[in-house]
Amino acid sequence: MNASVNINDQQRTRISALISHLNVQPLTNVNFSLSVGTVVPRDVRLQPLPAEVVEIVPQYRGYDFVLVKDQIVIVEPSTYKIVTVLPFSGRSIAAAPARTEQRKTTFTDRDREVIRKHAKARPVEGEKRVTTGSSVRTEIRTGERVPEGVEIEAFPEDVYRDAPTLREYRYINRDSRTYIVEPHERRVIEEID
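The rules we used
- Residues numbered from 1 in each chain as written.
- Predicted model: local features only at pLDDT ≥ 70, side-chain atom pairs only at ≥ 80, totals over all residues.
- Heavy atoms only, no water.
- Helix = DSSP H or I, 4+ residues; strand = E, 2+ residues; numbered from the N terminus.
- Polar contact = N/O pair within 3.5 Å; in protein donor to acceptor, adjacent residues only side chain to side chain.
- Contact = heavy atoms within 4.5 Å.
- Salt bridge = Lys/Arg side-chain N within 4 Å of Asp/Glu carboxyl O.
- Buried < 20%, exposed > 50% of the residue type's maximum accessible area, 1.4 Å probe, protein only.
- Pairing = 2+ DSSP bridges.
- Axes fitted to C-alpha atoms, helices over the stretch in contact; angles between N-to-C directions.

**Points about the side chain of Arg-186**
- Tracing the backbone through its elements, the reader meets Arg-186 in the loop between β7 (177-182) and β8 (187-192).
- Looking at Arg-186, its side chain comes within polar contact range of the main-chain oxygen of Pro-147, at 2.8 Å.
- Beyond its immediate chain neighbours, meaning those up to four positions away, Arg-186 contacts Glu-144, Arg-145, Val-146, Pro-147, Glu-148, Val-150, Ile-152 and Val-181.

Given below as structure tokens:
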């Protein structure tokens, strides 16, 4: 692979933003150097680069990455060699709160309709949901974080097909309501009944 892929600041920012939506925990303590050409130890868990990142940098199709503190380390999977290290601003982007506020209202009525149609009807059909009494009775409110014990689900593929803007969100069903969740911060951004 030609290691000199030129990634401009705008692309860096977009890649960082895309990765921040994946809810990947950064490693804080590694025993390898974060420089191009370094071979990452095989016991480091790599994540595949998301398709949206590959759209920005097609040369990285099939590549993996790992977050180390505030760096996105892109790794060639066959050799485990680092090919690029990008700054990762993750949760600490100054603009993040404002963006989340703006984004809150970007669901169209059509998005909500798609969610009602697909996300609601799902758990019933043949899926055995094991509920352990009412010991996990947690209130879910818009704007608040979803407790760690509560499982957040990805929408079914047909939701993303009908409403691609929902791809970066997850959801939970509770008491015949569907809550849309921003997975990175596990924050409930909208309730749909």
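**Digging into the pattern of salt bridges**
- Summed over all chains, the structure comprises eight salt bridges.
- Among the ionic pairs, Glu-113 bridges to Arg-116, the shortest N-O distance being 3.1 Å. With a gap of three residues between them, Glu-113 and Arg-116 both fall in helix α4 (residues 109-121), about one helical turn apart.
- For Glu-113, a relative accessible area of 47% translates into the label partly exposed.

**Some words on the sheet that holds strand β3 (residues 71-76)**
- Spatial strand order, β1-β2-β3-β4: four strands in an open sheet with antiparallel pairing. The sheet is open, and its two edges are formed by β1 (47-48) and β4 (81-87), each paired on a single side.
- As paired strands, β3 and β4 are joined by six bridges and run antiparallel to one another. The residue bridging Ile-74 from the neighbouring strand is Thr-84, located in β4.
- Each of β2 (64-68), β3 and β4 touches helix α1 (residues 9-20); the most contacted strand, β4, lies at about 95° to it.

**Brief notes about the pairing of strand β6 (residues 170-174)**
- Both strand β5 (residues 153-154) and β6 contribute to a ladder of two bridges, which runs antiparallel. Residue pairing in the sheet places Glu-153 in a bridge with Tyr-171 of β6.
- In this sheet, β7 lies alongside β6 in antiparallel orientation, the contact comprising five bridges. Bridge pairing links Tyr-171 to Ile-180 in β7.
- Linking β6 to β7, which pair antiparallel, is a turn of two residues; within it Asp-175 sits at a positive phi near 45°.

**Some remarks on the environment of Val-39**
- Along the chain, Val-39 turns up in the loop between α1 and β1.
- Of the residues examined, Val-39 reaches a relative accessible area of 46% and is grouped as partly exposed.
- Setting aside its immediate chain neighbours within four residues, Val-39 contacts Thr-79, Tyr-80 and Lys-81.

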